[in-house]
Amino acid sequence: MKERIIIFDTTLRDGEQALQSSLTVSQKLEIALSLEKMGVDVIEVGFPISSPGDFESVKKISSVIKNSRICSLARCVDQDIDVAAESMKDSEKFRIHLFLGTSKIHVESKLRKNFNEIIDMAVRSIIRASKYTDDIEFSCEDAGRTSIDNLCLIVEKVIKAGATTINIPDTVGYTIPTEFSEIIRLLVLKVPNIDSAIISVHCHNDLGMAVGNSISAIQNGARQVEGTINGIGERAGNTALEEVIMAIKTKSDVLQKYTNIKINKIYATSKIVSQICQMPIPANKAIVGSNAFSHSSGIHQDGMIKNRNNYEIIFPESIGAKNISLNLTSRSGRAAVNYRMKEMGYKVCDYSIDQLYSSFLKLADQKGQVFDYDLEILAFANDKYKNLDNFYLKCFTIQKDYQGCFIVSVIISCDNKEIQQTSTSYYGPIDAIYLALNKIVQYPIQLKKFELLSQDLGDNSISRVSIIVEYNNRDFYGLGIEKDFITSSAQALINVFNYIWRLKTISIKLKNL
Ligand code: KIV
Ligand code: ZN
């Protein structure tokens, strides 16, 4: 019989600790709601004694979240425990999470105590926390570097005192899977009352082992895994929960475990966390990176088209991401180009693949990635239109008035005429300039993504803006690279307008526009 692994999310506590600025109450609530929707069992929502803002967030989230268990962190200090309980009192079921250093270095040089005093502090705190709840987690901080005898001793005592979950953190990410799983195996073997508690693991990623250590721990008796979405957290981060969840799912025959997570919500939750926390996801990040399901080499693309199982162990749509993504570059073969055209609704007799493929390769060499709309232009436009632009940014001025409103005046060349337009916005100069450009061009577009990368100042300054815009249910990518970020932003939109214009101008063979 497969055993269930409890998923404990600490994005809002350990993850938040690593952010450059704290999240607001409403941002934390949005993340908590998304975690609840995903079916996370326990959500650690904060460390309420640490700041009034954290207390408020925990209080708010506790009153709203109903389907996941709410948990708050507390040191083994009376006031911490009382405040944690107070912050969660609106929740029907809550957990207090106590932690105390147990490694020699933490006991001696951080806490300046001996190990017996540590055991006393832990036991007293558990007794205090049990006044408020019967769900108490105790973490042996820096367990990864704690002697196994001390670890077994304190675990036995805290279970006897009433701890219901025993967390074994590798706080500094020091262990490798064989060492970490051995700790769990020995706890199961040596602690006489271990069956009265759930063993949890909480790994950090300093050596890149967090997910591997967590999986090896569940193979040896751990029943709860702690981590964060996208692996955000102190230093190199925490265990990436989406990776653990998908490893448990994908390797369920080997591990004989399952979780209650709704995996089709993983992608959306990851996006929300990345956006709210302003922590971009690396393209090659497992499960949720933009390249995680995109295939680039011609051989892989051909294999994918023949049978997805050739190169996919997880179907992206199962986690709520987009279906097969073939990255069309100069490494792609004819099969991939034909496949994309078919996906867009064209038949091979609508175009000449020989002609299309040779102009595709030329464009791919210049541009890198080739998008669907590029293919359509290559397949159906006359040479006259292939490289032609209709919109050019000429100049603009920006002012900010005393009320904080930005006033922009912009001139672009369009249909070989110069057109001037003004616009205003309280949301900044880019919003104002985009409004003005939209007033001129009037394509019904929706900005879906805006990314700005600015580097250096003065002569070396460079700003790169990439945007994704939706038009008629299709995505258009625009890029602007200039010295300043406002011109780059305007150029990126002009770039998109030119793509749309070319598509609108070419043959009426294009059915979907
Ligand atoms: O890494 C750690 O040890 C922690 C504890 C508070 C569980 O985050
Ligand atoms: Zn941690």
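Since the model is a prediction, treat every value here as computed from it, not as a measurement.

(A) Representation of the overall build of the protein chain within the structure. Summing up its helical and strand segments, the protein chain has 19 helices and 18 strands in all. The contacts of the protein chain with a sequence gap of at least 6 include a subset with a gap of at least 24, amounting to 64%. As displayed, the protein chain has an accessible area near 24200 Å², and 50% of this comes from carbon and sulfur atoms. Between the mean site of the 59 positive side-chain charges and the mean site of the 59 negative ones, the protein chain shows a separation of 5 Å.

(B) Representation of the sheet that holds strand β16 (residues 445-455). Here we have three strands laid out as an open sheet, ordered β16-β17-β18, and antiparallel in their pairing. If you trace the sheet from one side to the other, it starts and ends with β16 and β18 (474-482), each paired once. Strand-to-strand twist across the sheet, computed as the mean angle between neighbouring axes with direction ignored, equals 15°. Pairing of β16 with strand β17 (residues 462-471) involves 10 bridges; the strand directions are antiparallel. Each residue of the ladder has a partner; that of L453, found in β17, is R464. Contacting β16, β17 and β18, helix α19 (residues 485-505) runs over the sheet at an angle of about 140° to β18.

(C) Broad picture of the sheet that holds strand β4 (residues 69-75). Pairing within the closed barrel is parallel, and its eight strands lie in the order β2-β3-β4-β5-β6-β7-β8-β9. Ignoring strand direction, the axes of neighbouring strands in this sheet form an average angle of 25°. Of the pairings in the sheet, the one linking strand β2 (residues 6-9) to strand β3 (residues 42-46) comprises two bridges and is parallel in character. Note that in β3 the partner of F8 across the bridge is V42. Its contacts with the sheet put helix α6 (residues 115-129) on β5 (94-101) and β6 (136-141), and the angle it makes with β5 is roughly 170°. Contacts from helix α7 (residues 148-161) reach β6 and β7 (165-170), with the element oriented near 165° to β6.

(D) Quick look at the coordination of the zinc ion (ligand 2). Within the protein, D14 (OD), H202 (NE2) and H204 (NE2) serve as the donor atoms for the zinc ion (ligand 2), at 2.0 to 2.1 Å. Coordination of the zinc ion (ligand 2) draws on donor residues from a single chain, spaced D-x187-H-x1-H in sequence. With D14 in helix α1 (residues 11-17) and H202 in strand β8 (residues 198-203), this residue pair connects regions lying 188 residues apart in the sequence. Accessibility assignment for this pair places D14 and H202 in one class, buried.

(E) Representation of the site of ligand 1 in the model. In the vicinity of ligand 1, the contacting residues are R13, D14, H97, F99, S139, E141, N167, P169, T171, H202 and H204. Residue R13 places a side-chain N or O atom 3.0 Å away from an oxygen atom belonging to ligand 1. Between H202 and ligand 1, the recorded distance is 3.1 Å, taken from a side-chain N or O atom to an oxygen atom. Protein chains shield 94% of the accessible area of ligand 1, which is 260 Å² for the free molecule. Mapped onto the shell around ligand 1, the elements with two or more residues apiece are α1, β5, β6 and β7. Residues belonging to the shell around ligand 1 are distributed by class as follows: two nonpolar, six polar and three charged.

(F) View of helix α14 (residues 334-343). For α14, the full list of buried residues reads A336, V337, Y339, R340 and M341. Packing partners of the buried residues in α14 comprise α13 (298-306), β12 (325-326), α15 (353-367) and α16 (372-380). Among the residues trailing α14, G345 stands out with phi positive, at a value near 100°.

(G) The packing of aromatic side chains, seen in detail. Evaluation of the coordinates by the stated rule reveals 12 aromatic pairs. For the ring pair Y434 and F450, a centre distance of 6.4 Å and an interplane angle of 70° mean the geometry is edge-to-face. Here Y434 is found in helix α18 (residues 429-441), whereas its partner F450 is found in strand β16, with 16 residues between them in sequence. Judged by centre distance (5.8 Å) and plane angle (75°), the rings of Y443 and F497 are edge-to-face. Placement of Y443 in the loop between α18 and β16 and of F497 in helix α19 is noted, with a sequence separation of 54 residues between them.

(H) Just the domain arrangement of the protein chain, in detail. Segmentation of the protein chain into domains returns domain 1 (5-277), domain 2 (294-380) and domain 3 (391-505). Each partner contributes to the interface: domain 2 provides eight residues, whereas domain 3 provides seven residues. Carbon and sulfur atoms make up 65% of the area that domain 2 and domain 3 hide from each other, which totals about 680 Å². Across the domain 2-domain 3 interface, the total number found is one salt bridge. We note a salt bridge from R474 to E376, for which the minimum N-O separation is 2.6 Å. Linking domain 2 with domain 3 are three residue pairs in polar contact (both at pLDDT 80 or more). With five residues, α16 is the single largest residue contributor to the side of domain 2 that touches domain 3. When grouped by side-chain class, the residues that make up the side of domain 2 that touches domain 3 number four nonpolar, no polar and four charged.

(I) How the structure looks around the packing of α14 against α15. Running from N to C, α14 and α15 point in directions that differ by 110°, and their axes come no closer than 10 Å. For the element pair α14 / α15, the angle class is roughly perpendicular. Seen from α14, the contacting residues are R334, V337, N338 and M341; seen from α15, they are I353, D354, L356, Y357 and F360. When its residues are assigned to classes, the contact of α14 with α15 shows six nonpolar, one polar and two charged.

(J) Structural view of the nonpolar core. Counting 86 residues, the largest nonpolar core has I96, L98, F138, I154, I168 and I266 as the members making the most contacts within it. When residues in this core are grouped by element, the largest group, seven residues, is from α6. Each of domain 1 (5-277) and domain 2 (294-380) accounts for three or more of the residues forming this core. Look past the residues within four positions of L98 in its chain and what remains in contact with it is A74, R75, C76, I81, S125, I126, A129, I136, E137, F138 and S139.

The rules behind the values
Residues numbered from 1 in each chain as written. Chains lettered and ligands numbered in written order. Predicted model: local features only at pLDDT ≥ 70, side-chain atom pairs only at ≥ 80, totals over all residues. Heavy atoms only, no water. Helix = DSSP H or I, 4+ residues; strand = E, 2+ residues; numbered from the N terminus. Contact = heavy atoms within 4.5 Å. Areas by Shrake-Rupley, 256 points an atom, 1.4 Å probe, with all protein chains shown as cover. Lys, Arg positive; Asp, Glu negative; His and termini not counted. Charge placed at Lys NZ, Arg CZ, Asp CG, Glu CD. Pairing = 2+ DSSP bridges. Axes fitted to C-alpha atoms, helices over the stretch in contact; angles between N-to-C directions. Donors = N, O, S within 2.8 Å, 3.2 Å for Na, K, Ca; no water. Buried < 20%, exposed > 50% of the residue type's maximum accessible area, 1.4 Å probe, protein only. Near = heavy atom within 4 Å. Polar contact = N/O pair within 3.5 Å; in protein donor to acceptor, adjacent residues only side chain to side chain. Nonpolar A, V, L, I, M, F, W, Y, C, P; charged D, E, K, R; others polar. Phe/Tyr/Trp six-rings, centres within 6.5 Å; stacked < 30°, edge-to-face > 60°. Domains from an automatic or database assignment. Buried area = accessible area lost by both parts, 1.4 Å probe. Salt bridge = Lys/Arg side-chain N within 4 Å of Asp/Glu carboxyl O. Parallel < 35°, antiparallel > 145°, perpendicular 65-115°, else oblique. Core = buried A, V, L, I, M, F, W, Y, C linked by side-chain atoms within 4.5 Å.

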